[in-house]
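Chains, contacts and geometry: an overview
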Amino acid sequence: MSTTENAPIPEKKTAKRDALIEQEKRIQALWKSDRVFEVDAPKPGEDLDQPKWFGTFPYPYMNGRLHLGHMFTLTKLDFAAGYQRLKGKRVLMPLAFHCTGMPIKASADKIAKEIQLFGADFSGYYKQLETEDTENLDPVPAATPSDAIVGMDVDPTKIVKKPGKVASKATGLKYQFLIMQSMGVPLEEIHKFADPIHWLYYFPPFTMQDCSSMGLHVDWRRSFITTDVNPYYDSFVRWQFNVLKSLSPPKVAFGERYTIYSALDGQACMDHDRSVGEGVGVQEYTGIKLQVLLDEVRSESEEKRDKALNGRDLFYVAATLRPETMYGQTNCYVGTELKYGIYEVDDKQAWICTERAAKNMAWQGLFTKFPRGKVILLAEVTGWDLIGLPLKTPLTVYPKVYTLPMEGVLATKGTGVVTSVPSDSPDDYITLQDLLKKPEYYNVQKKWIESFVPIPIIQAGKLGDLAAKAAVEKYKIQSQKDKPQLALAKEDAYKEGFYNGVMLVGEHAGSPVSVAKPLLRKALIESGQAIPYCEPEGLVISRSGDECVVTLAEQWYMDYGEDEWKALAKECLDKMEVYADETRNGFLKNLDWLKQWACSRSFGLGSRLPWDRNVLIESLSDSTIYMAFYTVAHLLQGGIFDGSQVGPAGIRAEQLTDEVWEFIMREGPFPTATTVPKSALEDLKREFNYFYPMDVRISGKDLINNHLTFCIYNHVAMFSKGKWPLGMRANGHLLINNEKMSKFTGNFLTAWESLELYGADATRFALATAGDSVEDANFSKDTANNTILRLYTERDWSEEVLADLAAGKLRKGPYNWGDKVFESEINNCVGATDSAYNDMLFYKAANSGFFDLQIARNEYRKNCTGQGVTGVSASEVFVGMHADLVLRFVEVQALLLAPLTPHWSEYVWTTILKKPTTIMKASWPEVGTINKSILSAATYVRDLVYKIRVAEENALRKKANKGGVKQPQADPEGIKSLRFFVASSFPKWQEDAIAILQSTYDAASNSFSGKEKELLAAAGLKDKNVMPFVAGIKRAVTDSGSSAFNRTLTFKEFETLQETSDLICRELANLKIARVDIVPQAEVLSGVQWSAEDRKKAEAALPGVPGYQISFVR
């Protein structure tokens, strides 16, 4: 091995980072001691007109530490809070801790089981590890479908868990105690987490530590935990549900409904109770019963079959979303490789379907002979065993149809049985065509398919009465393997059939399909020819590890979707600021889709329904209006987050009756029976009325589908319109270095890890520049590292330049041209950053408030001091920077960055600028005058210099590549002069062309008539330069509107070049430009003393685009 390979890896230099982190810690301690983030409503006699801003974030769940994804959204709120504070508002940003639901309880139960297996110190695990492969360490051997024997009574209490790969996919760790270790919990403490209450006290302090170390503006006095462990919050939730139940119509109702259910947990499994499948709902089908004609089946196993069936009729159950098409059945499809079961329904019937479907049916009470969840498997068969079986199907004209094979039938969707309607289903139609073409290949007999032609049953709009055939031909589909085209064809056929379709057959002939569909479904079910069947839309795994089903159960539910309630929710949404069209569209889609939502559960953590103490309120239902509780929590609990002590208001939790809450938050009368002093309740009411409604709630986009929509619904039910939310902002998920965050792959950062790696301000800045839209954002580690260097360097420069200012080394007096440019650039950055923060576009704010401002400062510094200019003579004299502008820049930079990098800004503000109070009490800088003319002139000069430099360098490079001989120099030093030829007007042909374009332009539609060529030709404008020029003007007008017709410069070009000639010389010092001359175009074109090259350059000049000539000084 080489010595190089043995060489120690050099330590990464972290001095600058460490210095910034030390600075951050000192400043955080200062903020904490000064209580700068604690804010109250104005006291009696104080200014009630002072504007407020109240922003919230969905309280994080207390089953672990915050990760960078949490911080991505939290810092969005904090950036907004910092900005609003600078705008002079009383800013309230509280944060609480969510503990309700199953995640904590399920994890605690896992710890308890693992203690039983391995001991309280988990040493048993490591002892087994020494002798066994960890893959074989399984606390409970999982049952599999193959364990079922024909005729065996399958015990529904034996839950089949998903493999460990699914259950632990997020971390790659199989046991909960290992997951706890990976979170940094000491091994000797993990046994305490078998008690779910321990979680409620362990993680909130870490959340507070992480948020405070990130510099968040949180008023921790208002923090609390949920569940009935906190009696104050519990009182609030119970009042909320009493109100919802008492409204007319009631918003909380009781009844039998379909819900996703965990058999292992013995209760409904809602979004927050799932490790897989958040957002997955219930899919409702019609299960069509297709009777197997057993008398026509001849089989060697007939005796065994008859014994298993014991005289029962045998049916397939085919799940369909289109019961109105059953008139057109020509056959039935199964998947040849799938496993099916024959399941006992009662003494008269047995059904064929997949095991997954049978479990769902059992929990929906469809196996009427048995208790819910009990499944009796009579026999197992494969799809191949079913091919060719004759069937009797409801409604179709064919007395008998056959079972045929189909590719792509899934065991995870529907029942595994597909009833075939080739007249209206493109999938069914193309499969039938494949079978007709290759019956031997698919092992089917021709008699099973040849005489079964598609039956016209629906006039499906533009697709006619054989919609499937028309759609297949439209998309040129050749076989079942054309999946993308089939998806499009299926969508067309369904939309035309449902929205524009008219029934051609049956008792509802002539009726629209949308009318006939529910009537036919009802009739099929009532006649016993079909069943109502439901299942999860996709895979749902509970946090306890089992695959969930759909059950039909009596339960309490929120009546979302009720017409009057939904109308109020939409009214609220119409008035809200949501910052992105995608967000508004997501809300509208969800409001149209969302229906009844189960709000009760049997066990877990939470508050209990006030009228049924045996039932808990589920975690998404107790967290819909808690933002209102923030307004009074500090007076009730005083920062003791479990509410175990009486707060400053002196009110005990049991004194918070419904009447008291009504007085505080719903303008109810003062409760005469209360023992609470009126002044105390008036204080709470004043806090609520001052801060409510909340100005914005910021969340990940995934919560639009549940929590954020629930929040709207509950606010419009509980509060008057003046208390409805004013805004909601949703963002995408966070990637790290353009890859998905994953503990399993290691591409994962907790908030604390990021703080240790980069510090608070660098992390915050990288999060601010990660992205602002609802699309996924990217946290760049390079950005975080580069920010450390930028902030450190800028801090040092600020200290140095203000020391120069104090020493009187900076220029004073009237502003020159460069000063005026820099002044306007500073003011322009202030205005642009103000607008960006107001729109919550923080990436844009970082660009204008830091990068653009830094570029402006660097240009100014270069022009005034020569810093960064190459090729300048050592004898060159610079005027230096202006003292007033340097001070203005440092102050503005600190203020514009304060929302993003508050620690750095605080240091600059109080230590470098020596301001008497914290930057948290500072005001947003005045925009000042923005001289757009001088900004345009500055841009013009910079662009001009850049173009000249690039053009000359390219010319020299080209000459060198061709081996060209250098021109003789008149001066040994190669000193050159630069002559500009400045035009005062545009060529007449261009003005004429623009006039013609204006005559054909329609401002209302922002379009041209198309007659431009004809009119240009008629005016004699046929030169080869005309059409490219016209095309460019048209593009500009299309992009910017009619203002693009006006090409008049906003500054005086000739005077600008005269005033900046020294600057231009310095900028082009590497080209050895020693002199700049400015010549009017007219002077060259009218004079005789100019060379042919000069005249050529002058003729090409346009206003804003001068010609130029570089020559050696003679």
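A quick note: this is a predicted structure, and the numbers were derived from the prediction, not measured.

1. Some remarks on the overall build of the protein chain
When its secondary structure is counted, the protein chain shows 37 helices and 34 strands. Projected onto the principal axes, the alpha-carbon positions of the protein chain cover approximately 115 × 85 × 80 Å. Burial status across the protein chain gives 53% buried among its 1114 residues. Within the protein chain, counting contacts between residues at least 6 apart in sequence, those at least 24 apart form 77% of the total. Carbon and sulfur atoms provide 52% of the accessible area of the protein chain, an area that totals close to 50,200 Å².

2. Let's talk about the environment of V908
Mapped onto the elements of the fold, V908 is located in helix α29 (residues 902-912). V908 gets classed as buried once you look at its relative accessible area, which sits at 1%. When the C-alpha positions of V908 and G279 are compared, they lie 47 Å apart, and in sequence the two are 629 residues distant. Ignoring anything within four residues of it in the chain, the contact list for V908 reads V890, A894 and L913.

3. Describing the side chain of D210
Summarising the element assignment, D210 is placed in helix α8 (residues 196-213). In this structure D210 touches R65, L66, M71, A751, W752 and L755, once residues within four positions along its chain are discounted.

4. Digging into the nonpolar core
Counting 114 residues, the largest nonpolar core has L68, M71, L74, F177, L734 and F779 as its most contacted members. Listed in part, the 80 residues of the second largest apolar core include L247, V252, A598 and L620.

5. A closer look at the side chain of D482
Mapped onto the fold, D482 is located in the loop between α14 (467-474) and α15 (483-499). We note that D482 is buried and unpaired, the nearest opposite charge coming from K437 at a distance of 8.6 Å. Ignoring sequence-local partners within four residues, the contact set of D482 consists of K476 and I477.

6. What about the packing of helix α9 (residues 231-246) against helix α22 (residues 707-718)?
Orientation of α9 relative to α22, taken along the N-to-C sense of each, is 75°, at an axis distance of 10 Å. By the criterion of interaxial angle, the relationship of α9 to α22 is roughly perpendicular. The residues of α22 that touch α9, namely those facing W239, Q240, V243 and L244, are N714, A717 and M718. Looking at the contact of α9 with α22, its residues break down into five nonpolar, two polar and no charged.

7. Structural notes on the packing of aromatic side chains
This model, assessed by the stated rule, comprises 75 aromatic pairs. Aromatic side chains Y83 and Y837 sit 5.3 Å apart centroid to centroid with 25° between the ring planes, which places their arrangement in the stacked category. One end of the pair, Y83, is in helix α3 (residues 68-86); the other, Y837, is in helix α26 (residues 817-838), with 754 residues separating them in the sequence. A ring pair is formed by F97 and F641, whose centres lie 5.7 Å apart and whose planes are at 75°; its orientation type is edge-to-face. Linking F97 in the loop between β2 (90-92) and α4 (103-118) with F641 in the loop between α19 (627-636) and α20 (658-665), this pair joins segments that are 544 residues apart in sequence. Residue classification places F97 among the buried positions, given a relative accessible area of 0%. An aromatic cluster is present here, built from Y59, F224, Y233, F236, W239, Y626, F629, Y630 and W661 joined pairwise through their rings. Geometry around W611 places K245 over its ring, the cationic atom sitting 5.1 Å from the centre.

8. Topic: the pairing of strand β14 (residues 401-405)
Of all five residues making up β14, five are buried, and the element is well covered by its neighbours. One ladder, built from four bridges, connects strand β9 (residues 331-334) with β14; its direction is parallel. Bridged to V334 within β14 is P405.

9. Considering the environment of E1093
Structurally, E1093 is set in helix α37 (residues 1092-1100). Spatially, the C-alpha atoms of E1093 and Q1109 are 8.3 Å apart, while their sequence positions differ by 16 residues.

10. A closer look at the sheet that holds strand β24 (residues 612-617)
Strand pairing in a sheet relies on backbone hydrogen bonds. The paired strands run either parallel or antiparallel. Taken together, three strands build an open sheet; the order of strands is β22-β24-β23 and the sheet is antiparallel. Edge strands, defined here as strands with exactly one partner in the open sheet, are β22 (600-601) and β23 (608-609). In this structure, β22 lies alongside β24, joined through two bridges in antiparallel fashion. Residue R601 lies in a different strand from β24, and its bridge partner there is L616.

11. Quick notes on the pattern of salt bridges
Applying the stated rule across the entire model yields 57 salt bridges. For the salt bridge of D219 with R222, the shortest nitrogen-to-oxygen distance reads 3.1 Å. Residue classification places R222 among the buried positions, given a relative accessible area of 0%. The salt bridge involving K369 is made with D347; its shortest N-O contact spans 2.8 Å. Residue K369 is located in the loop between α11 (355-363) and β12 (375-382), and its partner D347 is located in the loop between β10 (339-344) and β11 (349-353); the two are separated by 22 residues in the primary sequence. Accessibility expressed as a relative area gives 42% for K369, which makes it partly exposed. Judged by relative accessible area, which is 51%, D347 ranks as exposed. In this structure, a network of salt bridges that share partners links the residues R35, E38, D40, K43, D219, R221, R222 and E687.

12. Notes on the sheet that holds strand β33 (residues 1073-1080)
Across the sheet, three strands lie side by side as β33-β30-β34; this open sheet has mixed pairing. Edge strands, defined here as strands with exactly one partner in the open sheet, are β33 and β34 (1107-1112). Pairwise comparison of adjacent strand axes, ignoring direction, gives a mean angle of 20° for this sheet. When strand β30 (residues 976-982) meets β33, the two strands line up parallel, connected through seven bridges. Bridging across to β33, V982 finds its partner in P1080. On top of the sheet, helix α30 (residues 932-961) reaches β30 and β34; it is set at about 55° to β34, its chief contact. Helix-sheet contacts for α37 involve β30 and β34, and the interaxial angle to β34 is about 155°.

13. A word on the packing of helix α25 (residues 781-806) against α29
Look at α25 against α29: their axes get within 11 Å of each other, and the N-to-C directions meet at 15°. Comparing the axis directions of α25 and α29 gives the class roughly parallel. Here the hand of the crossing between α25 and α29 comes out right-handed. Where α25 abuts α29, its residues L791, E794, R795, S798, E799 and L802 lie against W904, Y907 and I912. A per-class count over the contact of α25 with α29 returns five nonpolar, one polar and three charged.

14. So, helix α17 (residues 563-575)
Given a rise of 1.5 Å per residue, 13 residues ought to cover 18 Å, and the 19 Å separating the end C-alpha atoms of α17 matches this to within 8%. Among all positions of α17, only W565, K566, A569, C572 and L573 are buried. Seen end-on, α17 carries its buried residues on one side only, within an arc spanning 115°. Away from its buried face, by an angle of more than 90 degrees, α17 presents the exposed residues D563, E564, D574 and K575. Those residues of α17 hidden inside the fold are in contact with β20 (549-558), α18 (581-593) and α22. Where α17 begins, the side chain of E562 points an oxygen toward the backbone nitrogen of E564, at a separation of 3.1 Å.

15. Digging into the confidence of the model for the protein chain
Detailed reading of the predicted coordinates is not advisable wherever pLDDT falls low. Scored by pLDDT, the protein chain comes out at a mean of 90, with 93% of its residues at no less than 70. Across residues 1-10 the pLDDT falls below 50, and counting only partners more than four positions away or on other chains, this stretch makes one contact in the model. Contacts for the low-pLDDT stretch residues 134-171, under 50 throughout, to residues beyond four places or in other chains number 63 contacts.

16. Topic: the pairing of strand β7 (residues 282-292)
Successive residues of a regular strand alternate their side chains across the two faces of the sheet. The sheet contact formed by β7 and strand β18 (residues 530-536) spans seven bridges and is antiparallel. Across the sheet, residue V282 finds its bridge partner in β18, namely P536. Relative to strand β8 (residues 313-320), β7 runs antiparallel, the two being bridged by six bridges. Looking across to β8, one finds that L290 is bridged to Y316. Bridge analysis of β7 against strand β13 (residues 390-392) gives two bridges, and the strand direction is antiparallel. Note on β13: the bridge partner recorded for Q291 is K392.

Basis of the calculations
- Residues numbered from 1 in each chain as written.
- Predicted model: local features only at pLDDT ≥ 70, side-chain atom pairs only at ≥ 80, totals over all residues.
- Heavy atoms only, no water.
- Helix = DSSP H or I, 4+ residues; strand = E, 2+ residues; numbered from the N terminus.
- Buried < 20%, exposed > 50% of the residue type's maximum accessible area, 1.4 Å probe, protein only.
- Contact = heavy atoms within 4.5 Å.
- Areas by Shrake-Rupley, 256 points an atom, 1.4 Å probe, with all protein chains shown as cover.
- Core = buried A, V, L, I, M, F, W, Y, C linked by side-chain atoms within 4.5 Å.
- Lys, Arg positive; Asp, Glu negative; His and termini not counted.
- Salt bridge = Lys/Arg side-chain N within 4 Å of Asp/Glu carboxyl O.
- Axes fitted to C-alpha atoms, helices over the stretch in contact; angles between N-to-C directions.
- Parallel < 35°, antiparallel > 145°, perpendicular 65-115°, else oblique.
- Nonpolar A, V, L, I, M, F, W, Y, C, P; charged D, E, K, R; others polar.
- Phe/Tyr/Trp six-rings, centres within 6.5 Å; stacked < 30°, edge-to-face > 60°.
- Lys NZ or Arg CZ within 6 Å of the ring centre and 35° of its normal.
- Pairing = 2+ DSSP bridges.
- Left-handed = near helix turned anticlockwise from the far one by under 90°.
- Expected span 1.5 Å × (residues − 1).
- Arc of directions from axis to C-beta.
- Polar contact = N/O pair within 3.5 Å; in protein donor to acceptor, adjacent residues only side chain to side chain.
- pLDDT = per-residue confidence, 0-100.

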